[in-house]
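Survey of secondary and tertiary structure
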Protein chains: 2
Amino acid sequence: MKCKICGESANIKLDYCGLKLCKPHFIEYIQKRVKRTIKRYQMVRKEDTIAVALSGGKDSQALLHILKQIYVDSNKLIGIHIDLGINDYSQESAKFVRILCDELEVPVHVINIKEEYNFTIDNAKKSKKIRRPICGICGLVKRYVLNVFARKYKADVLATGHVMDDEVSVLLSNLVNGNFEQLIRGGPFLPSDDVSMVARIKPLYEISELETTLYSHFNNIPFIEITCPYDVKATVSSYKQVTNKLEEMQPGSRYLLLRNYIKIYKKALKDYNTEIQQELCYCKVCGGPTIRDICAFCSLRKKMEGNE
Amino acid sequence: MKCKICGESANIKLDYCGLKLCKPHFIEYIQKRVKRTIKRYQMVRKEDTIAVALSGGKDSQALLHILKQIYVDSNKLIGIHIDLGINDYSQESAKFVRILCDELEVPVHVINIKEEYNFTIDNAKKSKKIRRPICGICGLVKRYVLNVFARKYKADVLATGHVMDDEVSVLLSNLVNGNFEQLIRGGPFLPSDDVSMVARIKPLYEISELETTLYSHFNNIPFIEITCPYDVKATVSSYKQVTNKLEEMQPGSRYLLLRNYIKIYKKALKDYNTEIQQELCYCKVCGGPTIRDICAFCSLRKKMEGNE
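Residues numbered from 1 in each chain as written. Chains lettered and ligands numbered in written order. Predicted model: local features only at pLDDT ≥ 70, side-chain atom pairs only at ≥ 80, totals over all residues.

Now for the overall build of chain A. Summing up its helical and strand segments, chain A has 12 helices and 10 strands in all. Judged by the C-alpha coordinates and their principal axes, chain A covers about 65 × 50 × 40 Å. With 308 residues in all, chain A has 36% of them scored as buried. Counting contacts in chain A only where the partners sit at least 6 residues apart, residues at least 24 apart contribute 71% of the total. (Helix = DSSP H or I, 4+ residues; strand = E, 2+ residues; numbered from the N terminus. Buried ≥ 20, exposed ≤ 12 C-beta atoms within 10 Å, placed from the backbone. Contact = placed C-beta atoms within 7 Å.)

Attention shifts here to the sheet that holds strand E3 (residues 50-53) of chain B. Residues and elements named next belong to chain B. If you walk across this open sheet you meet the 6 strands as E5-E4-E3-E6-E8-E7, and the pairing is mixed. Looking at strand neighbours, the two that pair on one side only are strand E5 (108-112) and strand E7 (189-190), the edges of this open sheet. Two strands pair when backbone bridges link them, and strand E4 (residues 77-83) and E5 are joined in this way by 5 bridges, in the parallel orientation. If you follow Asp-83 over to E5, its bridge partner there is Asn-112. Relative to E3, helix H2 (residues 58-70) is tilted by about 155°, and along the sheet it contacts E3, E4 and strand E6 (157-159). Along the sheet, helix H3 (residues 87-104) makes contact with E4 and E5, crossing E4 at roughly 170°. (Pairing = 2+ DSSP bridges. Axes fitted to C-alpha atoms, helices over the stretch in contact; angles between N-to-C directions.)

Right, let's get into the sheet that holds strand E4 (residues 77-83) of chain A. Residue and element names in this part refer to chain A. In space, the 6 strands of this open sheet follow the order E5-E4-E3-E6-E8-E7, with mixed pairing throughout. The open sheet has two edge strands with one neighbour each: strand E5 (108-112) and strand E7 (189-190). Each of E4 and E5 is contacted by helix H3 (residues 87-104), which is oriented at about 170° to E4, the strand it contacts most. Strands in contact with helix H6 (residues 134-152) are strand E3 (50-53), E4, E5 and strand E6 (157-159); relative to E4, the strand with the most contacts, it is inclined by about 140°.

This brings us to the packing of helix H11 (residues 253-272) of chain A against helix H11 (residues 253-272) of chain B. Running from N to C, H11 of chain A and H11 of chain B cross one another at 90°; their axes reach a closest spacing of 8 Å. Considered as vectors, H11 of chain A and H11 of chain B are oriented roughly perpendicular to each other. Touching Tyr-265, Lys-267, Ala-268, Leu-269, Asp-271 and Tyr-272 of chain A of H11 of chain A are Tyr-265, Lys-267, Ala-268, Leu-269, Asp-271 and Tyr-272 of chain B, all from H11 of chain B. Taken together, the residues that form the contact of H11 of chain A with H11 of chain B break down as 8 nonpolar, no polar and 4 charged. (Parallel < 35°, antiparallel > 145°, perpendicular 65-115°, else oblique. Nonpolar A, V, L, I, M, F, W, Y, C, P; charged D, E, K, R; others polar.)

Further remarks concern the relation of the copies chain B and chain A. Superposition record for chain B on chain A: RMSD 0.0 Å, screw rotation 180°, translation along axis 0.0 Å. The relationship between the two copies is best expressed as a two-fold rotation axis. When you check the interface residues of chain B against chain A, 100% turn up at the interface there too, and the contact is symmetric in its surfaces. (Least-squares fit on C-alpha atoms with pLDDT ≥ 70 in both.)

In this section: helix H2 (residues 58-70) of chain A. Given 3.6 residues per turn, any residue in an α-helix points the same way as the ones three and four places further on. With 13 residues, H2 of chain A extends 18 Å between its outermost C-alpha atoms, agreeing within 8% with the 18 Å of an ideal straight helix rising 1.5 Å per residue. Within the sequence span of H2 of chain A, burial applies to Lys-58, Asp-59, Ser-60, Gln-61, Ala-62, Leu-63, Leu-64, His-65, Ile-66 and Leu-67 of chain A. (Expected span 1.5 Å × (residues − 1).)

What follows deals with the interface of chain B and chain A. A common way to express how large an interface is: the accessible area buried when the components associate. Of the residues lining the interface, 22 residues belong to chain B; the matching set on chain A comes to 22 residues. Put simply, the parts of the chain that give the side of chain B that touches chain A at least two residues each are helix H7 (164-177), helix H10 (236-249) and H11 of chain B. Counting residues per element, the side of chain B that touches chain A draws most heavily on H11 of chain B, which supplies 11 residues. Taken together, the residues of the side of chain B that touches chain A sort by class into 13 nonpolar, 6 polar and 3 charged.

The tendency in soluble globular proteins is for nonpolar side chains to be buried side by side. Grouped together as the largest cluster of nonpolar side chains are 135 residues, with contacts concentrated most on Val-52, Val-157 and Ala-159 of chain A together with Val-52, Val-157 and Ala-159 of chain B. No other element matches the 7 residues that H6 of chain A contributes to this core. Not counting the four nearest positions on each side in its chain, Val-52 of chain A is found in contact with Ser-60, Leu-63, Leu-64, Leu-67, Leu-77, Gly-79 and Ala-159 of chain A. Ile-82, Ile-113, Phe-119 and Ile-137 of chain B belong to the second-largest nonpolar core, a separate cluster that totals 14 residues. (Core = buried A, V, L, I, M, F, W, Y, C linked by C-beta atoms within 7 Å.)

Right, let's get into the confidence of the model for chain A. Interpretation of the predicted coordinates at a detailed level should be avoided for regions scoring low in pLDDT. With 96% of its residues at a pLDDT of at least 70, chain A reaches an overall mean of 92. Across the interface, the model reports ipTM at 0.88; the global pTM reads 0.91. (pLDDT = per-residue confidence, 0-100.)

Time to look at unusual backbone geometry. All names here are of chain B. The phi dihedral of Lys-154 falls on the positive side, at around 60°, and the residue is not glycine. Structurally, the position occupied by Lys-154 is in the loop between helix H6 (134-152) and E6. We note that Asp-194 has phi near 65°; this positive angle belongs to a residue other than glycine. You can see Asp-194 is positioned in the loop between E7 and strand E8 (199-201).

In this section: the environment of His-162 of chain B. Residues and elements named next belong to chain B. Relative to the helices and strands, His-162 resides in the loop between E6 and H7. Taking the number of C-beta atoms within 10 Å as the measure of exposure, His-162 has 21 and is therefore buried. C-alpha of His-162 to C-alpha of Arg-132: the two residues are 30 residues apart in sequence and 23 Å apart in space.

To continue, consider helix H9 (residues 209-218) of chain A. All of the buried residues in H9 of chain A are Glu-211, Thr-212, Leu-214 and Tyr-215 of chain A. End-on, the buried residues of H9 of chain A take up no more than an arc of 165°, which puts them together on one face. (Arc of directions from axis to C-beta.)

Residues and elements named next belong to chain A. Of the two faces of E3, the one carrying Ile-50 and Val-52 and the one carrying Ala-51 and Ala-53 are both buried. Bridge count for E3 against E4 is 4 bridges, and the pairing is parallel. Directly across from Ile-50, in E4, lies its bridge partner Leu-77. Considered for its hand, the β-α-β crossover made up of E3, H2 and E4 is right-handed. (Right-handed = clockwise from strand over helix to strand, strands pointing away.)

A few words on the packing of helix H1 (residues 23-40) of chain B against H2 of chain B. Residue and element names in this part refer to chain B. Relative orientation of the contacting elements H1 and H2 amounts to 80°, with a least axis distance of 10 Å. In this view, H1 runs roughly perpendicular relative to H2, as classed from their interaxial angle. Note on element contacts: H2 touches H1 through Ile-66, Gln-69 and Ile-70, opposite Ile-30, Gln-31, Val-34 and Lys-35. Classifying every residue of the contact of H1 with H2 gives 4 nonpolar, 2 polar and 1 charged.

A word on the environment of Val-97 of chain B. Residue and element names in this part refer to chain B. Note on placement: Val-97 falls in helix H3. Of the residues examined, Val-97 has 29 C-beta atoms within 10 Å and is grouped as buried. Sequence separation between Val-97 and Ile-224 is 127 residues, and the spatial gap between their C-alpha atoms is 8.9 Å. Apart from residues no more than four positions distant in its own chain, Val-97 is found in contact with Leu-54, Gly-56, Gly-79, His-81 and Val-108.

Next comes the structure, spelled out in structure tokens:
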């Protein structure tokens, strides 16, 4: 098996396009693809500062590495990591984030939610006042805190490590369940509201988990390999199993579905009935974006009072 | 396990709704569900004559049986079976169709395509002039011939035995591949064009293959159990594997996707860009509906000339 670019021994064959590549040309190929995604969805303007959400896992670590190669000469990258207070797991995660940021010379801010908001995910897990599954709570906290601190550090966009596998499985779940609102708002680029929400981008939208894993290994990128102690597989994972199975049988189908969603379905649904779309307003407590009087994060904080 | 309706011993538990039913109440339940589908999509008007396309397989045989129970007092049902000229298989199929139609006292017309059009599917399979896969050719022949003879026998609607499993797998395939035209025209009811196309309905749109199988067994409905000798599993079957797998893990998901497609996506796509929609016109040879000058069936006939 020979590399299509240089003719040397290839390390990987990509099923969805038949391409065979050696390590260096695979790395180059992934960087080019991410660059194309950023351009295609007009994610970043020339002068933008990009805050990269870093969990310590392989996807976000690979994302930072790729962005550093794309924006090699600029100072526009900053890392943001949230210390969620999940016992040893959070400490381990932060370690990997710091190692990579040091290596790549990217400034990183570690936000400790215990210090900032006086509760932790461990507290929330134990609290009897919280009825939602802890993964939902954790997702809410991350979205909120990342937005607040991306703005605080003057970032223009917030980049997250969402990969194709997750995006397409969530898309299928939304299509099956008719989640109109999410179908209209989903995708790789969510613009800023110019008030309190920083633009969110997903540069790995068209890159698979397998590709970020290989990219990380080929570049010796450090990342946390243990999973979160609270990560019980949620509903969405059956959709992921199914979309992965389809990809196995019909290579390239995940990419096709995502592209057709962005090119056709999302636009058609948006035009179809704008009345159904929920109006964005601002939280009376923190001023952040919400569809209620008080945002979900402020409601959570209220519940967690006295639960420290 | 007890029947929810009568408390007697149940024969089946339906995973998607948790309902446990005995044989007679399962039969009643399926008939009610089909009645609801017919009503929901306004498939049949009071005075309509329904031509039922009968292949001899379990789905269309079950369909005829169900429709006969729903329209018990009327003479509005006729059966149409096409003898495709697939050697022994076609002869076997016709036998089962005749047995059931006799039993149910439904008049049946058997259309022999060799007699009518001077070629058979066996001929087409062997012909070097035909490059399309034979299942595609066979589908084309069936659609065309059913329409011609449904009209000839003065039917108002043509009912086919398409079940949920097939419909949802085709839907997913169309969504993945962005088959705009099919997404707009798909669904359980395709109205007549008032010129040369009879309305087509799929009363089993919301019934699964498992349900028609059980329904057939519980009613001792005769059907052909061998598969067509040309039935090599086509592309669509990977979508079927995937949607069946999803149903296993998330019971009811197939139904949900179909409903949301009909309620939202189909309408949104239709509104979105009507310009893309192909204009229906009429074949210069036979006058049948087509999007070209000469319809696909007449082109096929031309190719088959001298191939008898």
